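Residue-level listing of the chains:
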Amino acid sequence: MSPKKLHIKTFGCQMNAYDSERMAEALESQGYALTHDAAEADLVILNTCHIREKAVEKVYSELGRVRLAKEDRKSRGLDTLIAVAGCVAQAEGSEIMARAPAVDIVVGPQSYHRLAHLVEEAAATGKGLVATEFPAEEKFAHLPDRPKGKSRASAFVTVQEGCDKFCTFCVVPYTRGAEFSRAPAEIIAEVERLATMGVREITLLGQNVNAYHGPHPDESSWPLARLLRSLAEIPAIERLRYTTSHPLDMDEELIALFGNEPKLMPYLHLPFQAGSDRILAAMNRKHTAAQYEALIGKVRQARPDIALSTDIIVGFPGETDADFEETLALAARVRFAQAFSFKYSPRPGTPAASLEGQVPEAAKRERLYALQSLLDGDRHAFDRATVGRSLEVLFEGRGRKPGQIAGRSPYLQAVHVEGPDELIGQIADVDILAASPNSLTGVIKSGFEWRGPVQAAV
Ligand code: SAH
Ligand code: SF4
Ligand code: F3S
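Residues numbered from 1 in each chain as written. Chains lettered and ligands numbered in written order. Predicted model: local features only at pLDDT ≥ 70, side-chain atom pairs only at ≥ 80, totals over all residues. Heavy atoms only, no water.

**As for the site of ligand 2**
Now for step 1: What surrounds ligand 2 is the set Cys163, Lys165, Phe166, Cys167, Phe169, Cys170, Val172, Pro173, Asn208, His246 and Arg285.
Now for step 2: Classifying every residue of the shell around ligand 2 by side-chain character gives 7 nonpolar, 2 polar and 2 charged. (Near = heavy atom within 4 Å. Nonpolar A, V, L, I, M, F, W, Y, C, P; charged D, E, K, R; others polar.)

**So, the nonpolar core**
Now for step 1: Residues Ile202, Leu204 and Tyr242 are the most contacted members of the largest nonpolar core, which totals 67 residues.
Now for step 2: Sort the elements by how many residues they give to this core and helix H8 (residues 224–232) lands first, with 6 residues.
Now for step 3: Setting aside residues no more than four positions away along its own chain, Leu204 makes contact with Val157, Val159, Val209, Leu224, Leu227, Leu228, Leu231, Arg241, Tyr242 and Thr243. (Core = buried A, V, L, I, M, F, W, Y, C linked by side-chain atoms within 4.5 Å. Buried < 20%, exposed > 50% of the residue type's maximum accessible area, 1.4 Å probe, protein only. Helix = DSSP H or I, 4+ residues; strand = E, 2+ residues; numbered from the N terminus. Contact = heavy atoms within 4.5 Å.)

**Some points on the side chain of Arg22**
Now for step 1: Inspection of the secondary structure assignment puts Arg22 in helix H1 (residues 14–28).
Now for step 2: Engagement of the side chain of Arg22 in a polar contact is seen with the side chain of Tyr18, the distance being 2.7 Å.
Now for step 3: In contact with Arg22, other than residues within four places in its own chain, are Tyr112, Phe140, Leu143, Pro144, Arg146, Arg182 and Glu190. (Polar contact = N/O pair within 3.5 Å; in protein donor to acceptor, adjacent residues only side chain to side chain.)

**Description of the site of ligand 3**
Now for step 1: Near ligand 3 the following residues occur: Cys13, Asn16, Thr48, Cys49, His50, Ile51, Cys87, Arg176 and Gln207.
Now for step 2: Residues of the shell around ligand 3, tallied by class, amount to 4 nonpolar, 4 polar and 1 charged.

**Considering the packing of aromatic side chains**
Two numbers describe a pair of aromatic rings. These are the distance of the centres and the angle of the planes.
Now for step 1: Under the defined criterion, the tally for this structure stands at 7 aromatic pairs.
Now for step 2: An aromatic cluster of three or more residues is present, and its members are Phe169, Phe316 and Tyr344.
Now for step 3: Just above the ring of Tyr60 sits the side chain of Arg99; from NZ or CZ to the centre is 3.5 Å. (Phe/Tyr/Trp six-rings, centres within 6.5 Å; stacked < 30°, edge-to-face > 60°. Lys NZ or Arg CZ within 6 Å of the ring centre and 35° of its normal.)

**Here's the deal with the pairing of strand E19 (residues 414–418)**
Regular strands place their side chains on alternate faces of the sheet.
Now for step 1: Buried residues dominate E19, accounting for 4 of its 5 residues.
Now for step 2: Pairing analysis gives 5 bridges linking strand E18 (residues 404–408) to E19, with the strands arranged antiparallel. Looking across to E19, one finds that Gln404 is bridged to Glu418.
Now for step 3: Count of turn residues in the E18/E19 antiparallel hairpin: 5 residues, of which Leu412 carries a positive phi of about 70°.
Now for step 4: Bridge count between E19 and strand E21 (residues 440–444): 3 bridges; the pairing is parallel. Across the sheet, residue Val417 finds its bridge partner in E21, namely Gly442. (Pairing = 2+ DSSP bridges.)

**Things to note about the confidence of the model for the protein**
Keep in mind that low pLDDT regions are not for reading the predicted coordinates in detail.
Now for step 1: Averaged over every residue, the pLDDT of the protein is 94; residues scoring 70 or more account for 96%.
Now for step 2: Confidence drops under pLDDT 50 across residues 453–458; counting only partners more than four residues distant or on other chains, this segment forms 13 contacts. (pLDDT = per-residue confidence, 0-100.)

Have a look at this one:
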């Protein structure tokens, strides 16, 4: 009998991407094979995002397409199970089935270790199942080890989940639950395993990754800096990154690491959300614009060439033109290498959704446009400043054109060069020749000698 086919579509943040991988691995260990084609899948999982209204709309329109595929398969005598996972699952629970009756399983981000069991039960009973409690047991302890044999250059590892900060605009504390850190030993084992699969770069993930405080048997807990130093000791791991950080949790040791841990890449994503202290207070961010800027100053002192990235919201309730000017001014002073900016989207159940002074759509649109023009300019300026330099690039796959390979610079810029496939999974020095809006192009530095496959020395 041919194996059952599984199709997963992922929306939202990198943590969802990580969760999708773990769900796929868990189901592969139960005999499923992955397919890119939803129409041939026996099981379709949509791993969803609830952060803004648009993200949720995307899920429902995708569900419409998947339902048609399910009906088409049914007419050919084939059964299909549809599972909704992730943050929409957590936030809406059984309401999803009321709105989209073709859905068989709703499973929240802290319950997906039970997915194989839920699939079996749904197939046997034909009943809709909802698993959205925050279980007392920890999902990571119930997932199979990362399988060997899949080769790739970089990987995400979730180390911290959930959030206790309750910014007034945000659904994450409700969809992901309370803040929680995985044990260092468990993370180190996962990273060592990934290293044997050829992974050279690890990005540690958390909604507030720098609030990490991993329970350690020797000491009361490990802060993120301690975990990073320990992961840097794994020889085959050549690059470390972490995201997303909250300004309140950037401690001195973590900042200093940018200057003294060569494996920690010079890139920091540090959302500031708004430049007006009044709006920051209404958002419950618990810091001022000046405090944010002072923090950026310290980070740049530790690592002057660091690429800074951020998240910004325009049109939070009560935001005036003058408030927005302060957002523009702060962004202009910091000069980000990368930035993600959004129109405020009122989310059901969050305090800001019921505030007075909701900003009209047209004003939000205008502000976003003005902000993005500024941010794009700074991003291009950062990229152009790397032209003429030699950067270490970790190659991750083939490029768009034949004969091209593509990778990332230390600053997380996409880089394309002409080069042999053997370099995929390796780091090489690249002379950067040009910066286009979405990537850099360069040539492999003359005299660079391929060292041959790195021994999985872990
Ligand atoms: N934990 C991270 C953010 C996670 S959500 C932090 O604290 O910085 C990613 C980004 O989505 C946020 O930084 C914010 O800019 C944006 N966002 C969250 N809720 C939003 C909403 N209701 N409307 C618009 N943007 C939102
Ligand atoms: Fe959301 Fe704020 Fe928590 Fe970030 S810190 S996940 S924005 S509540
Ligand atoms: Fe979206 Fe959930 Fe991530 S709401 S941004 S998928 S934590």
